[in-house]
Amino acid sequence: MSVLRQPPLSTQSVRRLLPLTLTNPSMVAQHTPCTMHLSILPPELACKLFYAMLDQSQSWKRNKWWLFDRVVESPHRTSFYARKTDGVESNKSWQEAAQYWYNGQQTDPPDLFPDVMEEACLYVENMVNKEMQRRPRLPLEWAGRGSEGQIWRANVAASNCYEGTKDSVGFHSDHLTYLGPYPTIASLSLGTTRIFRLREVVSSAEIHSRMAQTFNIPLPHNSLVIMHANTQEKFKHSVPPQSTLDLYRPLFPHHSCLEYPSKPSNCRINITFRFYRPDFRPQSIPRCYCGVPTILRPDMKNRHDGQTDKYWWTCHAGAQKEGKGCSFWRVMDVKAEGRGPTISDVGSNER
């Protein structure tokens, strides 16, 4: 019976408060390190981009990877886009030189931003830069400037299609391999409204003194959530399945059938605009004992004050090698690895 008896609950289990729904931008800013912006694009442009991505999503794929001893498949379709230049230099061959890896395998060359995505990206960049100018900068954020002097410029975009009520993505924080510490990520929602769920990761030092918080944020069509520096270090996020959803009814007809009314849609298109840092180029990523590029993870459990957080490089080859990786593990050292410039390098005048 001592063998069959259920083991006692771990003393390290995290207590969680009931989820809190944040229904407007002021609530999002008050409770999370994110900001929410409604009607970010002109209505016709938002509709045009939705149609373009919806058409392209028919050829997007569901990612597959090994989890323990079995292959799992992502419950949504996804694709990856890159800009003509990296936003820092004018060299248009940066995509060819950049051999990106995802889930332990090398990716195909990314598609270029379609023209309508380029147009929308200008509005997103404008809002992100305005927000970053009014926020304190963290020591390991990139301190360089874009080719036009901006703080942040999107040079890649991960695009996802959530069709119907069942398509979803589980809790995760984004890999920082090419983003570097304290990234800023701009997430654009088009189409039907879905819940964006943020779940706090309580550090080991606080696990007995307070409860973890979870936030549900309904994201309507043409809304932008900016996950500011510290979000990936402090929170995990997901798009959960829903029992019901409201169909999205476009204001403008599809360009292929202008004479007919637009059809309702049960799809949400999500475009996450990101800045791949020039000091985290694929060629600079350490490889594990398997010979595969490692991934960069934040130390979420031993988080400090946002000034002295630690990160480590770890093997991710097991995502494709029948779940079998290696024991490679190394703390990231910005100085020793020759990365930067960071905010801590240039002084307080950039903060």
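Residues take numbers from 1 onward in each chain, read along the sequence in its written order. Totals for whole chains, interfaces and linings use every residue, but because this is a predicted model, local features are given only for residues with pLDDT of at least 70 and side-chain atom pairs only at 80 or more, for both listing and counting. The side-chain numbers reported here are obtained from all heavy atoms of the structure, hydrogens and water having been left aside.

1. What to know about unusual backbone geometry
In this structure, the amide linkage connecting Gly340 to the following residue, Pro341, adopts the cis form with an omega of 10°. Mapped onto the elements of the fold, Pro341 is located in the loop between β19 (329-331) and α6 (343-346). One non-glycine residue with positive phi stands out, namely Ser39, at about 50°. The numbering of helices and of strands both runs from the N terminus, where a helix is a DSSP run of H or I of at least 4 residues and a strand a run of E of at least 2.

2. Brief notes about empty space enclosed by the protein
In the cavity and pocket records, a cavity denotes points on a 1 Å grid over the protein atoms alone where a 1.4 Å probe fits but cannot get out, a pocket denotes an open set with protein on both sides within 12 Å along at least 5 of 7 lines, and lining residues are residues with an atom within 4 Å of a point. Grid points are joined across faces, edges and corners, and a volume is the space filled by probe spheres set on the points. One pass over the full model with this rule turns up 1 cavity of 30 Å³ or more. Nonpolar residues are Ala, Val, Leu, Ile, Met, Phe, Trp, Tyr, Cys and Pro. Charged residues are Asp, Glu, Lys and Arg, and all others, Gly as well, are polar. Taken together, the residues of the lining of the largest cavity sort by class into 9 nonpolar, 1 polar and 3 charged.

3. Quick look at the layout of surface pockets
One number sums up the size of the second largest pocket: a volume of about 210 Å³. Lining the second largest pocket are 11 residues; nearest its centre among them are Lys48, Tyr51, Pro253, His254 and His255. Here the residues of the lining of the second largest pocket are counted per class, giving 6 nonpolar, 2 polar and 3 charged.

4. Focus: the pattern of salt bridges
A carboxyl oxygen of Asp or Glu within 4 Å of a side-chain nitrogen of Lys or Arg is what we treat as a salt bridge. Scanning the entire structure with this criterion turns up 15 salt bridges. As a salt-bridge pair, Asp174 and Arg274 come within 3.8 Å of each other at their nearest N and O atoms. Of this pair, Asp174 sits in the loop between β10 (169-172) and β11 (185-191) while Arg274 sits in strand β16 (residues 267-274); the two residues are 100 residues apart in sequence, bridging distant segments of the chain. Through salt bridges that share partners, Arg83, Glu118, Glu125 and Arg153 make up one connected network.

5. Observations regarding helix α2 (residues 43-56)
Helix span, as expected, comes to 1.5 Å for every residue beyond the first. Taking 1.5 Å per residue as the helical rise, α2 with its 14 residues ought to reach 20 Å, and the 20 Å between its terminal C-alpha atoms agrees with that figure. Burial classification: accessible surface area is computed with a 1.4 Å probe over protein chains only, and a residue below 20% of its type maximum counts as buried, one above 50% as exposed, and the rest as partly exposed. Considered for burial, the residues of α2 that qualify are Leu45, Ala46, Cys47, Leu49, Phe50, Tyr51, Ala52, Met53 and Leu54.

6. Quick look at the confidence of the model for the chain
When the pLDDT values of the chain are averaged, the result is 85; 82% of them are 70 or greater. Low pLDDT (under 50) marks residues 1-11, which in the prediction has 1 contact with non-local residues, meaning those over four places away or in another chain. Think of pLDDT as the predictor's per-residue confidence, scored from 0 to 100. Throughout, a contact is declared for two residues whenever any of their heavy atoms are within 4.5 Å.

7. Concerning the sheet that holds strand β15 (residues 235-239)
Paired strands, in this sense, are two strands between which DSSP finds at least two bridges. Spatial ordering of the open sheet is given by β1-β13-β12-β15-β10, a layout of 5 strands whose pairing is mixed. Two strands close off the open sheet at either side, each with one partner strand: β1 (20-21) and β10. Where strand β12 (residues 194-200) lies against strand β13 (residues 214-219), 6 bridges are found, and the strand directions are antiparallel. Among the inter-strand pairings, Arg194 is bridged to a residue of β13, identified as Leu219.

8. Considerations on helix α4 (residues 115-133)
The end-to-end C-alpha distance of α4 is 27 Å, a good match for the 27 Å that 19 residues give at a rise of 1.5 Å each. For α4, the full list of buried residues reads Val116, Met117, Ala120, Cys121, Val124, Glu125, Val128, Asn129, Glu131 and Met132.

9. Describing the packing of aromatic side chains
In summary, the pairing rule links any two rings of Phe, Tyr or Trp, Trp by its six-membered ring, whose centres are within 6.5 Å, and it sorts them by plane angle into stacked for under 30 degrees, edge-to-face for over 60 and tilted for everything else. Summed over all chains, the structure comprises 12 aromatic pairs. Aromatic pair Phe80 and Tyr276: ring centres 6.1 Å apart, planes at 35°, arrangement tilted. Residue Phe80 is located in strand β5 (residues 77-82), and its partner Tyr276 is located in the loop between β16 and β17 (295-298); the two are separated by 196 residues in the primary sequence. Judged by relative accessible area, which is 25%, Phe80 ranks as partly exposed. Consider the rings of Tyr182 and Tyr311, whose centres lie 6.0 Å apart with planes at 85°: the pair is edge-to-face. Here Tyr182 is found in the loop between β10 and β11, whereas its partner Tyr311 is found in strand β18 (residues 311-314), with 129 residues between them in sequence. Comparing Tyr182 with Tyr311 shows no difference in burial state: the two are buried. Site record: aromatic cluster; members linked through ring pairs are Phe50, Tyr51 and Tyr248. Above the plane of the ring of Phe171 lies Arg199, whose end atom (NZ or CZ) is 4.0 Å from the centre. A positively charged side chain is recorded as over a ring if its NZ (Lys) or CZ (Arg) lies within 6 Å of the ring centre. The angle to the ring normal must also be within 35 degrees. Directly above the aromatic system of Phe280 lies the positively charged group of Arg339, at a separation of 4.4 Å from the ring centroid.

10. Here's the deal with the nonpolar core
Each nonpolar core is a collection of buried residues, namely Ala, Val, Leu, Ile, Met, Phe, Trp, Tyr and Cys, held together in the definition by side-chain atoms within 4.5 Å. Judged by nonpolar contacts, the single largest core of 38 residues is most densely connected at Leu49, Met117, Leu188, Ile269, Ile271 and Phe273. Among the elements of the structure, α2, α4, β9 (156-163), β11, β14 (223-227) and β16 are those that each provide at least two residues to this core. Considering every element that reaches this core, the biggest residue donor is α2, with 9 residues. Among the nonpolar cores identified, the runner-up in size contains 35 residues, and Met36, Leu219, Phe328 and Val334 belong to it.

11. Concerning the side chain of Asn129
When you line up the elements, Asn129 lands in helix α4. Residue classification places Asn129 among the buried positions, given a relative accessible area of 9%. In this structure Asn129 touches Gln150, Ile151 and Trp152, once residues within four positions along its chain are discounted.

12. Examining the sheet that holds strand β2 (residues 34-38)
Strand order in the open sheet formed by 7 strands is β2-β14-β11-β16-β9-β5-β8, with mixed pairing between adjacent strands. Two strands bound the open sheet, and with one partner strand each, they are β2 and β8 (111-112). When β11 meets β16, the two strands line up antiparallel, connected through 6 bridges. Looking at β16, one finds that Leu190 is bridged to Ile269. Set on the sheet, α2 makes contact with β5, β9, β11 and β16; between it and β16 the angle comes to about 100°. Between N-to-C directions, angles cover 0 to 180 degrees, with each direction set by a line fitted to C-alpha atoms, over the stretch in contact for helices. Relative to β14, α4 is tilted by about 50°, and along the sheet it contacts β2, β5, β9, β11, β14 and β16.

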